[in-house]
Amino acid sequence: MKRHVLHPLWVAIGVVGLILFARLLLVPDDFGVHGESFTYSYYRLGNIEEWKNFPVKYQGTDTCLECHEDNAKTHRRSPHKRVQCENCHGPAGNHPDDVEYLPLNKERAMCLRCHADLGYPESTARSYLPAIVDRHHKRRRECVSCHDPHDPREDAE
Amino acid sequence: MSCSRRDFLKESVGAAFVSSLPLSAFVVLTTEEAIAAVAESTVRWGYLVDTTKCTGCGMCVKACKNENEIPYDAPVTRTWVERYVVTKDGQTHVDSPNGGRDGFTSGNIREEEIDPDTIDKAFFVPKLCNQCENPACVQVCPVGATYQTEDGVVLVDRDWCIGCGYCIMACPYGVRFFHPDHKVADKCNFCYHRITKGMMPACVESCAFGARRLANLRDPDDPVTRIIKTERVAVLKDEYGTKPHVFYLGLDNNVR
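## A short note on helix α3 (residues 59-67) of chain B
Then, in step 1: Of all 9 residues in α3(B), 8 are buried, a share of seventy percent or more.
Then, in step 2: Residues of α3(B) that are buried include every one of M59(B), C60(B), V61(B), K62(B), A63(B), C64(B), K65(B) and E67(B), and no others.
Then, in step 3: Of the surrounding elements, those touching the buried residues of α3(B) are α5 (85-89) and α6 (108-115) of chain A together with β2 (80-87), β4 (119-127), α7 (202-206) and β9 (212-216) of chain B.
Then, in step 4: In the stretch just after α3(B), E69(B) is the one whose phi turns positive, near 55°.

Pasting the structure below:
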């Protein structure tokens, strides 16, 4: 075969070589197949660790109990014991290290999430909860001005 | 030794080509490595939603958004709660205002007033990523930015994702969305940073009614796994063959 026919071939091989070389530099070492399936397990292994290190915000009721015993005691014997602290008090994050006070949500809308009467039949889980019709019961007042949220059977202080 | 210019060029191109082949293609595994590569993980995460217990308070959606840094007021969410109201005339009314983030405090559905006397049944259905055994979203990713971990959770590599949106289109459950801040695909990952530390996902933790629960399906003593194995559970869109791992108790036929 003549030389001028072969020349473009060398150029093409060179280009492919260059692309492969660039790939070698740019793709991280831990990128590849990690697992049984090429289809589902072709990824950068280091990313798993990155997701594991994502910061936790909701610390859970047990963490709150370590310091806030008084409220916890009231809360634990009330029908509201199933509601975790951070649902109303907001995510603890690094409290008390970074944030001294957590923003407490005392809004009426917060209580209505469970206690608004939607008029649904008994087969709905919601119908077992004590409920009010929003426009008939003490309109626009904050629920917590009368009801103690830690133990709703008690009057607010 | 003599070497013509032609031979020199020929050989150097050949050497460059050979050296660019990935070395990993020739790695021979030791016996231990081979066993480790095929050994099954002792964890396979699953999830159980008891729709009969959900009251539609939306605390899970709120907690998820806070925990996973999803912009609170953006119309995207990793999990959401749908409300279904079936009336006596056979119609099904469905809504999920803000994904149920603020709960359901009004009986109106899409500004339509529904007379409680005309209601046959009403229920709430929480939805989240199904962490499928055959995830369609992973198959379509052109760059390997989304994948299935050994414990069955599908993750998105935010550094690797190019934001093409194929996976968002591929998911039959519509759980994926474009993250407004990171400009990449995003989805529920069962709070991978929590479950790998022995904590519960934020949605499970915040559910006061036990409607949302996490299971390790490889642990036969796990109480939630036992419910999934022994009770009558259903999955969403079984016909797609994705083998979803979020199981539902009391799933109604109206739920799509």
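## Some words on the interface of chain A and chain B
Then, in step 1: The interface of chain A with chain B comprises 46 residues on the first partner and 49 residues on the second.
Then, in step 2: Of all the secondary structure elements, the ones that give two or more residues to the side of chain A that touches chain B are α1 (3-26), β2 (42-44), α2 (46-52) and α6 of chain A.
Then, in step 3: At 7 residues, the largest contribution of residues to the side of chain A that touches chain B is made by α1(A).
Then, in step 4: Its residues assigned to classes, the side of chain A that touches chain B shows 24 nonpolar, 14 polar and 8 charged.

## Comments concerning the sheet that holds strand β10 (residues 246-249) of chain B
Residues and elements named next belong to chain B.
Then, in step 1: Spatial strand order, β9-β1-β10: 3 strands in an open sheet with mixed pairing. Two strands bound the open sheet, and with one partner strand each, they are β9 and β10. Neighbouring strand axes in the sheet, compared pairwise and without regard to direction, differ in orientation by 25° on average.
Then, in step 2: Across 5 bridges, strand β1 (residues 45-50) lies against β9 in antiparallel orientation. By the bridge assignment for β9, W45 is matched with N216.

## What about unusual backbone geometry?
Then, in step 1: Each neighbour pair has its own omega, and for H95(A) with P96(A) the value is 5°, a cis peptide bond.
Then, in step 2: One non-glycine residue, K138(A), adopts positive backbone phi at about 40°.
Then, in step 3: Among the structural elements, K138(A) can be located in the segment after α6.
Then, in step 4: Of the residues examined, K138(A) has 12 C-beta atoms within 10 Å and is grouped as exposed.
Then, in step 5: Residues other than glycine seldom take positive phi values, yet E69(B) does so here, at roughly 55°.
Then, in step 6: Along the chain, E69(B) turns up in the loop between α3 and β2.

## Observations concerning the nonpolar core
Within soluble globular proteins, side chains that are nonpolar generally end up buried alongside one another.
Then, in step 1: Y47(B), C60(B), A63(B), L155(B), F190(B), C203(B) and L214(B) are the most contacted members of the largest nonpolar core, which has 66 residues in total.
Then, in step 2: Looking at this core, the element that brings in the most residues is α3(B), giving 5 residues.
Then, in step 3: Each of domain 1 (28-54) and domain 2 (61-145) of chain A gives at least three residues to this core.
Then, in step 4: Beyond its immediate sequence surroundings of up to four residues, F190(B) is in contact with W45(B), Y47(B), Q131(B), V153(B), I195(B), P201(B) and L214(B).

Rules and cut-offs
- Residues numbered from 1 in each chain as written.
- Chains lettered and ligands numbered in written order.
- Predicted model: local features only at pLDDT ≥ 70, side-chain atom pairs only at ≥ 80, totals over all residues.
- Buried ≥ 20, exposed ≤ 12 C-beta atoms within 10 Å, placed from the backbone.
- Helix = DSSP H or I, 4+ residues; strand = E, 2+ residues; numbered from the N terminus.
- Contact = placed C-beta atoms within 7 Å.
- Nonpolar A, V, L, I, M, F, W, Y, C, P; charged D, E, K, R; others polar.
- Pairing = 2+ DSSP bridges.
- Axes fitted to C-alpha atoms, helices over the stretch in contact; angles between N-to-C directions.
- Core = buried A, V, L, I, M, F, W, Y, C linked by C-beta atoms within 7 Å.
- Domains from an automatic or database assignment.

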